[in-house]
Amino acid sequence: VQLQAFGGGLVQSGGSLRLSCAFSGRTFRQYGMGWFRQAPGKEREFVAAISWSGRSTSYADSVKGRFTISRGSARNTVYLQMNSLKPEDTAIYYCAAQADRGTYYYAADGKYDYWGQGTLVTVSS
């Protein structure tokens, strides 16, 4: 499996960005997909996840109501729409894929099987 994340950049506080993660190498619909982020000097943290079917989504409290995760089956891509961005959202954002084994540990980064290279999001105040 290969994951390629893109769409990061510099945006002003209150602005929006849409991250994309292209999935290839296996059957996309057999994987739950997650977004994590790591700010300078901080641990990597869970941001959002979507189940293999797309019917279930989960968000960190810090982004709930501002970020939306979705998956486009036709393009084997997962998206993270980020609105009302804040300076504290500044981080490298990573997408990750977890194979469907019955239980989806959506917030556990150690349970993900594959990771993308990350894309930098910088929010200026």
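See the structure printed just above.
What you see is a predicted model; the values in this text were computed from it and never measured.

With that settled, consider the sheet that holds strand E3 (residues 17–24). Taken in spatial order, the four strands make up an open sheet running E1-E3-E8-E7, and their pairing is antiparallel. For this open sheet the edge positions go to strand E1 (2–6) and strand E7 (67–72), each flanked by a neighbour on one side alone. Neighbour to neighbour, the strand axes of the sheet diverge by 15° on average, direction disregarded. In this structure, E1 lies alongside E3, joined through five bridges in antiparallel fashion. In the sheet register, Leu-3 faces E3, and the bridge partner there is Phe-23.

Further remarks concern the environment of Thr-90. Looking at where Thr-90 falls in the secondary structure, it is placed in the loop between strand E8 (77–82) and strand E9 (91–99). Put simply, Thr-90 and Arg-101 are 11 residues apart on the chain and 33 Å apart in space, counted from C-alpha to C-alpha. Apart from the residues within four sequence positions on either side, Thr-90 is in contact with Ala-39, Val-121, Thr-122 and Val-123. A distance of 2.9 Å separates the side chain of Thr-90 from the backbone nitrogen of Val-123, its partner in a polar contact.

So, about the state of the cysteines. By definition, a disulfide is the covalent link that joins the sulfur atoms of two cysteine residues. Applying the stated criterion across every chain yields a total of one disulfide. Residue Cys-21 pairs covalently with Cys-95 via a disulfide, S to S 2.1 Å. Handedness here is read from the sign of the S-S torsion; for Cys-21 and Cys-95, about 60°, the answer is right-handed. Of this pair, Cys-21 sits in strand E3 while Cys-95 sits in strand E9, placing them 74 residues apart in sequence. Owing to a relative accessible area of 0%, Cys-95 belongs among the buried residues under this scheme.

Rules of the game
Residues numbered from 1 in each chain as written. Predicted model: local features only at pLDDT ≥ 70, side-chain atom pairs only at ≥ 80, totals over all residues. Heavy atoms only, no water. Pairing = 2+ DSSP bridges. Helix = DSSP H or I, 4+ residues; strand = E, 2+ residues; numbered from the N terminus. Axes fitted to C-alpha atoms, helices over the stretch in contact; angles between N-to-C directions. Contact = heavy atoms within 4.5 Å. Polar contact = N/O pair within 3.5 Å; in protein donor to acceptor, adjacent residues only side chain to side chain. Disulfide = S-S within 2.5 Å. Buried < 20%, exposed > 50% of the residue type's maximum accessible area, 1.4 Å probe, protein only.

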